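# Structural features, examined
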Amino acid sequence: MALLLAGCAKPPPPAPVPLPVLPLTKPLPPMGAAENLVLPDVDTQGVYITPNRGMTGQQALWHVRMALNVAALGCRDAGDVMGVEYNRMLRLHAPTLARANAAADAVYAGKYGATAMATRDSLYTVVYNFFALPPAQKAFCPTARAVVTTINGLTPDALVAYAPEALALLEKPFQDFWTAYADYLRRLAEWRRLYRQPVVEVLPCPAADPTCSGDAPPVSPPAPAPPPALSTGTPALAPPRLPSDESIFR
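Small disclaimer: the values here were computed from a predicted structure and weren't measured.

## A closer look at the overall build of the protein
- Looking only at helices and strands, the protein features seven helices and zero strands.
- When the helices and strands of the protein are placed in sequence order, the string is α-α-α-α-α-α-α.
- By residue count, 35% of the 250 residues in the protein fall in the buried class.
- Here the analysis covers contacts within the protein between residues at least 6 apart in sequence; of these, 77% occur between residues at least 24 apart.

Structure, rendered in structure tokens:
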């Protein structure tokens, strides 16, 4: 009889599936950046399009010179190493830099005629603003110091050949920043999606309670207010955009 009753007993209910522990902290932008930056466009290789795109030869050298000018003004340290090395570069390579400037002006003059100088100044402003992006300065400054030190050890003939490599090195901190910012936007979108679901809040166990597992009952957070639309309030900050043809040196 006892065996018969045991066979009729109901099986124990399955153990409850624990709810996932969801992130309760809102992701923050990388490197202290603002929350409303707009990513630059990317090319087919996933590289962010910048005002340095397609620069070669003397045009690349002139963009290197602009980048190092930004660094000389903003990358201050003990002894002002960047400023000292930048001024040394201007002295050592004055003829080569003058030829690069003349070559850039000639391209503008041939392509834009009477508006050449205004168009040149407009693009130069975009280039300067690109290299002055605050969140990337921590990585940009040591890179700029390394590049200007290398330049000051080159012969004038080698400088133009080195310019595209130097420009790529100077641009890398900004490419890295936008890559990190894209990842932040991805994590922010995931956080916003998950935040509207029940979450498990992990709490510390009292020392006197050996049965405590540390899991509190499921807690549903209050529904957060929807994020403000970027079209209202403070406008979104867009990265510098190029002229319609993207680069005068194409």
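## Describing the environment of Val47
- Inspection of the secondary structure puts Val47 in the loop between helix H1 (2–8) and helix H2 (57–74).
- When its relative accessible area of 37% is taken as the criterion, Val47 is described as partly exposed.
- The spacing of Val47 and Thr179 is 132 residues in sequence and 9.1 Å in space, taken between C-alpha atoms.
- Ignoring any residue separated from it by four or fewer positions in sequence, one finds Val47 in contact with Asp41, Val42 and Gln175.

## Points about the pattern of salt bridges
- Overall, the coordinates contain 11 salt bridges when judged by the stated rule.
- A salt bridge links Asp121 to Arg120; the nearest nitrogen and oxygen atoms lie 3.0 Å apart.
- Note on Asp121: relative accessible area 38%, which makes it partly exposed.
- The salt bridge partner of Arg193 is Glu190, with a shortest N-O separation of 2.8 Å.

## Re the packing of H2 against helix H6 (residues 137–151)
- Across the interface, H2 lies against H6 with an axial gap of 10 Å and an inter-helix angle of 125°. Regarding the angle of H2 to H6, the classification is oblique. The hand of the H2/H6 crossing is left-handed. Of the residues in H6, those touching H2 at Val64, Ala67, Leu68, Val70 and Ala71 are Phe140, Ala144, Val147, Val148 and Ile151.
- When grouped by side-chain class, the residues that make up the contact of H2 with H6 number 10 nonpolar, no polar and no charged.

## Details of unusual backbone geometry
- One non-glycine residue, Met31, lies in positive phi territory at about 60°.
- Within the secondary structure layout, Met31 lies in the loop between H1 and H2.
- In the Ramachandran plot, Asp80 falls in the positive-phi region, its phi being about 50° despite a non-glycine side chain.
- By the element assignment, Asp80 lies in the loop between H2 and helix H3 (81–92).

## Focus on the packing of aromatic side chains
- The full count for this structure, using the stated rule, is 12 aromatic pairs.
- On the basis of an interplanar angle of 40° and a centroid distance of 4.9 Å, the ring pair of Phe130 and Phe174 is categorised as tilted. With Phe130 in helix H5 (residues 116–131) and Phe174 in helix H7 (residues 156–194), this residue pair connects regions lying 44 residues apart in the sequence.
- According to the relative accessible area criterion, Phe174 is buried, its value standing at 0%.
- A ring pair is formed by Trp191 and Tyr195, whose centres lie 4.9 Å apart and whose planes are at 20°; its orientation type is stacked.

## Focus: the state of the cysteines
- Summed over all chains, the structure comprises one disulfide.
- The residue that forms a disulfide with Cys75 is Cys141, at a sulfur-sulfur distance of 2.1 Å. Where Cys75 bonds to Cys141 through sulfur, the torsion about that S-S bond is close to -80°, and the disulfide is left-handed. Taken together, the residues Cys75 in the loop between H2 and H3 and Cys141 in helix H6 connect sequence positions 66 residues apart. Side by side, Cys75 and Cys141 carry an identical accessibility label, which is buried.

Conventions used here
Residues numbered from 1 in each chain as written. Predicted model: local features only at pLDDT ≥ 70, side-chain atom pairs only at ≥ 80, totals over all residues. Heavy atoms only, no water. Helix = DSSP H or I, 4+ residues; strand = E, 2+ residues; numbered from the N terminus. Buried < 20%, exposed > 50% of the residue type's maximum accessible area, 1.4 Å probe, protein only. Contact = heavy atoms within 4.5 Å. Salt bridge = Lys/Arg side-chain N within 4 Å of Asp/Glu carboxyl O. Axes fitted to C-alpha atoms, helices over the stretch in contact; angles between N-to-C directions. Parallel < 35°, antiparallel > 145°, perpendicular 65-115°, else oblique. Left-handed = near helix turned anticlockwise from the far one by under 90°. Nonpolar A, V, L, I, M, F, W, Y, C, P; charged D, E, K, R; others polar. Phe/Tyr/Trp six-rings, centres within 6.5 Å; stacked < 30°, edge-to-face > 60°. Disulfide = S-S within 2.5 Å.

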